[in-house]
Amino acid sequence: MKTILSRTLFAAALLAPAAAFAHPGDHTAMTVGQVARHIITSPDHLAELVMAGLMVLGLGIRARRRARR
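Here's what I pulled together on the structure shown here. Keep in mind the model is a prediction, meaning the values are calculated, not measured.

### Details of the overall build of the protein chain
Next, step 1: Across its full length, the protein chain holds 3 helices and 0 strands.
Next, step 2: From first element to last, N terminus to C terminus, the protein chain shows the α and β order α-α-α.
Next, step 3: By residue count, 4% of the 69 residues in the protein chain fall in the buried class.
Next, step 4: Within the structure as shown, the protein chain displays about 6,400 Å² of accessible surface, and the carbon and sulfur contribution to it stands at 70%.

### So, a nonpolar patch on the surface
Next, step 1: A surface patch of nonpolar side chains, amounting to about 480 Å² of accessible area, comprises Val50, Met51, Leu54, Leu57 and Ile61.
Next, step 2: In this fold, Val50 is placed in helix H3 (residues 43-68).

### Here we look at the packing of helix H2 (residues 32-41) against H3
Next, step 1: Remark: H2 packs on H3, axes separated minimally by 5 Å, with the N-to-C direction vectors making an angle of 85°. Put simply, H2 runs roughly perpendicular to H3. Residues His38, Ile39, Ile40 and Thr41 of H2 pack against Pro43, His45, Leu46 and Leu49 of H3.
Next, step 2: Classifying every residue of the contact of H2 with H3 gives 5 nonpolar, 3 polar and no charged.

### Let's talk about a positive patch on the surface
Next, step 1: Taken together, the side chains of Lys2, Arg7, Arg62, Arg64, Arg65, Arg66, Arg68 and Arg69 present a region of like positive charge at the surface.
Next, step 2: Mapped onto the positive patch, the elements with two or more residues apiece are helix H1 (2-15) and H3.
Next, step 3: For the positive patch, the leading source of residues is H3, giving 5 residues.
Next, step 4: Take Arg64: it is sitting in helix H3.

### Points about the side chain of His45
Next, step 1: In this structure, His45 sits in helix H3.
Next, step 2: His45 sits in the buried class, given a relative accessible area of 19%.

Rules used in this analysis
- Residues numbered from 1 in each chain as written.
- Predicted model: local features only at pLDDT ≥ 70, side-chain atom pairs only at ≥ 80, totals over all residues.
- Heavy atoms only, no water.
- Helix = DSSP H or I, 4+ residues; strand = E, 2+ residues; numbered from the N terminus.
- Buried < 20%, exposed > 50% of the residue type's maximum accessible area, 1.4 Å probe, protein only.
- Areas by Shrake-Rupley, 256 points an atom, 1.4 Å probe, with all protein chains shown as cover.
- Patch = residues over 30% accessible without salt bridge, like charges linked within 9 Å, V, L, I, M, F, W, Y side chains within 5 Å.
- Salt bridge = Lys/Arg side-chain N within 4 Å of Asp/Glu carboxyl O.
- Axes fitted to C-alpha atoms, helices over the stretch in contact; angles between N-to-C directions.
- Parallel < 35°, antiparallel > 145°, perpendicular 65-115°, else oblique.
- Contact = heavy atoms within 4.5 Å.
- Nonpolar A, V, L, I, M, F, W, Y, C, P; charged D, E, K, R; others polar.
- Lys, Arg positive; Asp, Glu negative; His and termini not counted.
- Charge placed at Lys NZ, Arg CZ, Asp CG, Glu CD.

Here is the structure:
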């Protein structure tokens, strides 16, 4: 049951409309430094980085538990 719920929530997050999370501005002409500064100073980008880090951490913990079995 827990797996089904987590997979459903994950799928719902993936299917959420991207326009709801978008912010205005053209980012195609930015330099690497400007992109780094933009990511660090934008709350939406920081939230994405935190979520990605938590997912990687969770996958690492899961892999370790499976390796111990």
